[in-house]
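# Summary of structural features
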Amino acid sequence: MNDGAGLSRRDLFRVGAGAATAAVATSTVTPTHAQESFEYDGWFEDANNFDGTVDMTGQERVTVDVGAGDMALAFGPPAIHVDPGTTVVFEWTGEGGGHNVAERETGERYESERTAEAGTQYELTFETDGISKYVCVPHAASGMKGAVVVGNGEGVPEITEGETLVGGPDSSGDGEGGGGSESGGESGDDGGDGSDEETPPALQVDDSVFALFGLSAVVAFLSPLAFAALLRRSDGDDGR
């Protein structure tokens, strides 16, 4: 009986130790920065589509839709949490009219072009901890606002700004270049038409040929008359 009681106490000890280990493991996978601790100072009070901060940590590149929500006057999602060094790609849905992405904190350090073309991309890399708030300038009064929380969310993050690729990275430069070459082809066709317009010099050459031929014809016509006149003069001289 004592041995049985001793074994039961050992089993209870093992169970307790296992539970403690599981608790430690659970606390380890818990996000370091609790989402509810981020303070936006009323930034999202009148914002569209805001439903808390979406955890996107652990990714090198994340995407935020520009022109989201029922009225396409929101960012999707409006608030995200990323690690330092993460690149946020803002991608236009093509809905809701012309949008842009512009900082409205600490001197407005970044602002994309304004466009309504679907597939347009604008990249920002958030280098250090902090919170960066932004708006769509044309629709700021309508509540089109967003924020990027970086790391612990303290301070203002340093940012590397990319270019605005209207229509996306696959459609802008090459497409326009192709259009240019087609335009060049059209200009070549126009050049062919231009060569047709240059036919007057050729016509001038032809006219000179015709003029020479006409002169020859006149000379040929006058030659018999001149010959006849010479004969008459010769006859007159003989009569004398």
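Reading guide: rules and limits
- Positions within a chain are numbered from 1, following the residues in the order the chain's sequence is written.
- Residue-level local features of this predicted model are given only where pLDDT is at least 70; pairs of side-chain atoms are given and counted only at 80 or more, and the full residue set underlies all totals for whole chains, interfaces and linings.
- Hydrogens are left out, water is left out, and the side-chain values use all remaining heavy atoms of the structure.
- Note on conventions: DSSP H or I runs of at least 4 residues are helices, E runs of at least 2 residues are strands, and numbering of each starts at the N terminus.
- The criterion used for residue contact is that any of the two residues' heavy atoms lie within 4.5 Å.
- In short, Shrake-Rupley with a 1.4 Å probe defines the accessible areas, and a residue's cover is counted only from the protein chains shown.
- Strand pairing requires that DSSP identify at least two bridges connecting the strands.
- By convention a nonpolar core is built from buried Ala, Val, Leu, Ile, Met, Phe, Trp, Tyr and Cys residues, the set being connected through side-chain atoms within 4.5 Å.
- Partly exposed describes any residue whose relative accessible area lies between the buried limit of under 20% and the exposed limit of over 50%, with all areas from a 1.4 Å probe on protein chains only and scaled to the type maximum.
- Between rings of Phe, Tyr and Trp, where Trp is taken as its six-membered ring, a pair exists when centres lie within 6.5 Å; planes separated by under 30 degrees are stacked, by over 60 edge-to-face, and by other angles tilted.
- In this charge count, Lys and Arg are treated as positive and Asp and Glu as negative; neither His nor the chain ends contribute.
- Salt bridge, as applied in this entry: a Lys or Arg side-chain nitrogen positioned within 4 Å of an Asp or Glu carboxyl oxygen.
- Polar contact criterion, stated in full: a pair of N or O atoms within 3.5 Å, where within protein one must be able to donate a hydrogen and the other to accept it, and residues adjacent in sequence count only if both atoms are side-chain atoms.
- Axis lines are fitted through C-alpha atoms, for helices just across the contact stretch, and the angle between N-to-C directions can take any value from 0 to 180 degrees.

On to the overall build of the protein chain, then. Scanning the protein chain from N- to C-terminus turns up three helices and 10 strands. Reading the protein chain from its N end, one meets helices and strands in the order α-β-β-β-β-β-β-β-β-β-β-α-α. The contacts of the protein chain with a sequence gap of at least 6 include a subset with a gap of at least 24, amounting to 73%. When the accessible surface of the protein chain is totalled, it reaches about 14,900 Å², and 53% of it is carbon and sulfur.

Here we take up the sheet that holds strand E4 (residues 79-82). Spatial strand order, E1-E4-E9-E8-E6: five strands in an open sheet with mixed pairing. At either margin of the open sheet sits one strand with a lone partner, and together these are strand E1 (54-55) and strand E6 (102-103). Relative to strand E9 (residues 145-150), E4 runs parallel, the two sharing four bridges. In the sheet register, His81 faces E9, and the bridge partner there is Val149.

Looking now at the nonpolar core. The biggest cluster of nonpolar side chains holds 20 residues, and the ones touching the most others in it are Phe75, Ile80, Val88, Phe90, Val101, Tyr134 and Val148. Not counting the four nearest positions on each side in its chain, Val148 is found in contact with Ile80, Val82, Val88, Phe126, Gly130, Ile131, Ser132 and Tyr134. Core analysis: the second largest hydrophobic core is formed by 10 residues, Phe44, Ala47, Ala79 and Ile131 among them.

Turning our eyes to something else, we now look at the pairing of E9. For E9, the buried fraction is high: six of the six residues fall into the buried class. Burial along E9 is two-sided: the face carrying Lys145, Ala147 and Val149 and the face carrying Gly146, Val148 and Val150 are both buried. The pairing of strand E8 (residues 130-135) with E9 spans six bridges and is classified as antiparallel. Within E9, the residue paired with Ser132 across the bridge is Val148.

A few words now on the environment of Gly58. Note on placement: Gly58 falls in the loop between E1 and strand E2 (61-68). The exposure class assigned to Gly58 is exposed, which follows from its relative accessible area of 69%. Each C-alpha atom, one on Gly58 and one on Val82, is 7.3 Å from the other, the two residues being 24 residues apart in sequence.

If you walk through the whole model with that rule in mind, you get seven aromatic pairs. Note on Phe44 and Phe50: the rings are 4.2 Å apart at their centroids and 5 degrees apart in plane angle, and the pair reads as stacked. You can call Phe50 partly exposed: its relative accessible area is 32%. Geometrically, the ring pair formed by Phe90 and Tyr134 is edge-to-face, given 5.1 Å between the ring centres and 80 degrees between the ring planes. Note that Phe90 is positioned in strand E5 (residues 86-92) and Tyr134 in strand E8, a separation of 44 residues in sequence. Like Tyr134, Phe90 is buried.

So, on to the side chain of Lys133. For Lys133, the position within the fold is in strand E8. One buried charged side chain, Lys133, makes no salt bridge at all; its nearest oppositely charged neighbour is Asp41, positioned 4.1 Å away. In terms of polar contacts, Lys133 uses its side chain to reach the backbone carbonyl oxygen of Tyr40, at 3.0 Å.

Let us look at the pairing of E2. Relative to E5, E2 runs parallel, the two being bridged by six bridges. Residue pairing for E5: Val62 is matched across the bridge by Val88. In terms of strand pairing, E2 meets strand E3 (residues 74-76) through three bridges, oriented antiparallel. When the bridges of E3 are listed, Asp65 appears paired with Gly76. Here E2 folds back onto E3 in antiparallel fashion, the turn holding five residues, of which Gly69 has a positive phi close to 85 degrees.

Attention now goes to the sheet that holds strand E7 (residues 121-126). With respect to topology, five strands assemble into an open sheet ordered E3-E2-E5-E7-E10, the strand pairing being mixed. For this open sheet the edge positions go to E3 and strand E10 (159-165), each flanked by a neighbour on one side alone. The sheet shows a mean angle of 20 degrees between the axes of neighbouring strands, direction not considered. For E7 and E10, the ladder comprises five bridges, and the chain directions are antiparallel. Within E10, the residue paired with Leu124 across the bridge is Glu161.

Worth remembering: the numbers are spatial, not functional.
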